[in-house]
Amino acid sequence: MFEEFIAIIQGVGVTVLKLVPVSIALGATFTLLTFFWSCNPCQPWWRKRELATDVCYWFIIPLFARYLRIGLLVIGAAVLFGITTADRLVEFYEDGHGPLAQLPLWSQAAVFLIGSDVLMYCIHRMFHRPVLWKYHAVHHSSKELDWISAARFHPINIMLGSVATDVVLLLAGISPNVLVFLGPFTIAHSAFVHANLKWTLGPFRYVIAGPVFHRWHHTAVERGGEKNFASTFPVLDVLFGTFYMPMRSLPERYGVADQSFPPGFGAQMIYPFKE
């Protein structure tokens, strides 16, 4: 038991150490970009009133997601395939399984990226309905929206959203090796779409989600708050009639309607259970 505990602590340390240089690189990049192309005039992201809250999310949520994903993959393999030993689990997941694992890795990555975006689009719309909104409201609570707001998700939102999507696709047979290069892309792109940039991406606005596209989603309901649900491919919003990017107009105000929404990390963790 002690060895397992040490292994977990080491895993936490490795994850945090990987996040530090990534965070520095993203912070420096978006500081420079917003100096020239900011969407909304405001103080620098490092002077945000709720910066401490965002930093907590930025480092804690990835840890939670990692170990929850591993736990669900272990449970899924045991329940669906009767695999319970450590060696068989490694063998089962190492290179994927079934027909999907026979595809070239780049094809698996494409299937994963498209499949996860379709699933996340549907899940995202569910989280905007009354029953689940109290959990998703945490993500929309940032009034000073910037790249570091990207990780502001309640654990329930993460569990039923990106973690559940990853587990479904990996259990379907896709090799975890695709996450080696899709993982960094997901982090960088999520930070990018939340960044304070006025980039519409021009004709590519329908191809890949950009800052203005997603920032409209963080506005009030009567504006774009019930539009632009896609994480990566806005064509999904075009197909389902939820695409919203008015010409010659930029999003301005963000946050939730509840003016009493707590600003701190701990209070936001228990907020949904008080509603």
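Our subject is the structure that appears above.
Below is a short write-up of the structure. As the structure is a prediction and not an experimental result, all values here were calculated from the model. (Residues numbered from 1 in each chain as written. Predicted model: local features only at pLDDT ≥ 70, side-chain atom pairs only at ≥ 80, totals over all residues. Heavy atoms only, no water.)

## Thoughts on the environment of G173
- By the secondary structure assignment, G173 is in the loop between helix 7 (155-171) and helix 8 (179-194).
- Given a relative accessible area of 0%, G173 falls into the buried group.
- Residues G173 and Q102 lie 71 residues apart in sequence; the distance between their C-alpha atoms is 9.2 Å.
- Residue contacts for G173: discarding those within four places in its chain leaves G96, H97, L100, A101 and Q108. (Helix = DSSP H or I, 4+ residues; strand = E, 2+ residues; numbered from the N terminus. Buried < 20%, exposed > 50% of the residue type's maximum accessible area, 1.4 Å probe, protein only. Contact = heavy atoms within 4.5 Å.)

## Describing the state of the cysteines
- Using the criterion set out here, one finds 0 disulfides in the structure.
- Sulfur of C39: no disulfide; nearest cysteine sulfur belongs to C42 and is 9.3 Å away.
- Given a relative accessible area of 9%, C39 falls into the buried group. (Disulfide = S-S within 2.5 Å.)

## Remarks on the pattern of salt bridges
- Summed over all chains, the structure comprises 6 salt bridges.
- Between D54 and K48 there is a salt bridge whose closest N-O contact spans 2.5 Å.
- A salt bridge links R253 to E252; the shortest N-O distance between them is 3.7 Å.
- Overlapping salt bridges, with partners in common, bring together K48, E50, D54 and R152 in one network. (Salt bridge = Lys/Arg side-chain N within 4 Å of Asp/Glu carboxyl O.)

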